[in-house]
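Spelled out, the chains give:
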Amino acid sequence: MPAQIIDGKAIAESVRNQVAAETQQLISDTGVLPHLAAVLVGNDPASEVYVRNKERACQKAGLKSTLHRLDAATTQADLLVLIDTLNLDAGVHGILVQLPLPKHLDSTQILDAILPTKDVDAFHPENTGLMLQGRPRFLPCTPAGVMKMLQVSKIQTAGRHAVVIGRSDIVGKPMAALLVQKGVDATVTICHSRTTDIGAVCRTADILIAAVGIPEFVTGDMIKPGAVVIDVGINRVNERLVGDVDFTAAMTVASSITPVPGGVGPMTIAMLLQNTLTAARIVAGVS
Ligand code: GUN
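Let me sum up the structure you'll find in this document. Everything quoted here is computed from the prediction, not taken from an experiment.

Let's shift gears to the overall build of the protein chain. For the protein chain, the helix and strand inventory stands at 10 helices and 11 strands. Projected onto the principal axes, the alpha-carbon positions of the protein chain cover approximately 50 × 45 × 35 Å. In the protein chain, which comprises 287 residues, the proportion classed as buried is 49%. Partitioning the contacts of the protein chain with sequence separation of at least 6, the portion at a separation of at least 24 is 71%. When the accessible surface of the protein chain is totalled, it reaches about 13,300 Å², and 54% of it is carbon and sulfur.

What follows concerns the nonpolar core. Val146, Leu150, Leu179, Ile209, Ile230 and Val232 are the most contacted members of the largest nonpolar core, which has 52 residues in total. Discounting residues that sit within four places of it in the chain, Leu179 has contacts with Met147, Leu150, Ala162, Val164, Val184, Asp185, Ala186, Val188 and Ile209. If you look at the next biggest cluster of nonpolar residues, it comprises 20 residues, including Val163, Ile198, Val201 and Ala210.

This part takes up the site of the ligand. Taken together, Leu96, Val97, Gln98, Leu99, Asp121 and Phe123 form the complete shell of residues around the ligand. Note that a nitrogen atom of the ligand is positioned 3.2 Å from one of the side-chain N or O atoms of Gln98. In this structure, Leu99 approaches the ligand through a main-chain N or O atom, which is 2.9 Å from a nitrogen atom. When the free accessible area of the ligand is taken as 280 Å², the share hidden by the protein chains comes to 80%.

Calculation criteria
Residues numbered from 1 in each chain as written. Predicted model: local features only at pLDDT ≥ 70, side-chain atom pairs only at ≥ 80, totals over all residues. Heavy atoms only, no water. Helix = DSSP H or I, 4+ residues; strand = E, 2+ residues; numbered from the N terminus. Buried < 20%, exposed > 50% of the residue type's maximum accessible area, 1.4 Å probe, protein only. Contact = heavy atoms within 4.5 Å. Areas by Shrake-Rupley, 256 points an atom, 1.4 Å probe, with all protein chains shown as cover. Core = buried A, V, L, I, M, F, W, Y, C linked by side-chain atoms within 4.5 Å. Near = heavy atom within 4 Å. Polar contact = N/O pair within 3.5 Å; in protein donor to acceptor, adjacent residues only side chain to side chain.

Written out as C-alpha cells, the structure is:
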C-alpha cells in the first residue's frame, strides 16, 4: 500500500484560520492588532518569494505586516539601527530578519539584537533556552510546524525512535529538542555529515525527519518499512522543487510522508503567524 500523504497545505490552512479567528478576538477584546515587521536585505530570489508569502499570509489572516527592504550593501550598523527602531516601536509585535543575510553581515549579532519578546522566529538564545527547558515563549516555526503535523495526523511519538538528519540551529537541533520533550517522549538521534553509516541509523527510525538541504538525500533503502517520513527540504533543481527525500521511492516504503511542495513549507508560515499572535498577546497582557 502506498504511503499516506500528510497534507501540510490543509493543516496549515486550518492553523491560519484559527489564528485569523483568534486575531479578530484579540482585536475586539483589546484593540491590539498583531503586527509583523519583516526585514529583507538585498534581493535573493528565494528570500523574495518567502517574504512575499509571509506578507500575503499575514494579510489574509487579518494581521498587519510591513516589509523593510534594505539595499544589499547595507552596513551592520545601519541594520542594527533598524532593529533597534523596531524593538522600540510599541506597535510592532514581531520582527523577522529574512535569512540568509549578505555575507558581509554578522547574522548572529543581528539576530541577538532582536528583543526576545518580539523574536517570532525564536532564534534568540533566550527563546532557545526557554524551549529547551520545556517552557517556550515562541517555538521555532519549522520544527513547530512538524510537531503540529505529527499531532494532527495522530502519529504516535512516545517511545518511538525519531531520527533527525541535520543539525542546524534553525531546524535540526530544535526539532530534536521538541521530539524529546516530556509529553512527546520520542527517543531521538541526530545524524549529520560525520555520522558513520547514516543509512543504517536512518533504517532504525520509526519517524525519519530529513532537514539536510541535499536534494533526494534519503533513498528508499534508508527508510524502515512503515516509517513516518517528514521532508523539511526545499531544493530547487532545474526549476523544480524537490525535497531531501526521494519521494517516489519513499512512497513505496513509508506508512506516511510529507510531500514537497505542500508539506512542511506551508506549516512554517502558519506557525510564524501563530507566533506573531502570541507576541501581540504578550503586549496586550492576555498571553
Ligand atoms: N530563511 C529560511 N528559513 C527561514 C526562517 O524560518 N526564518 C527566517 N527569518 N529566514 C529564513
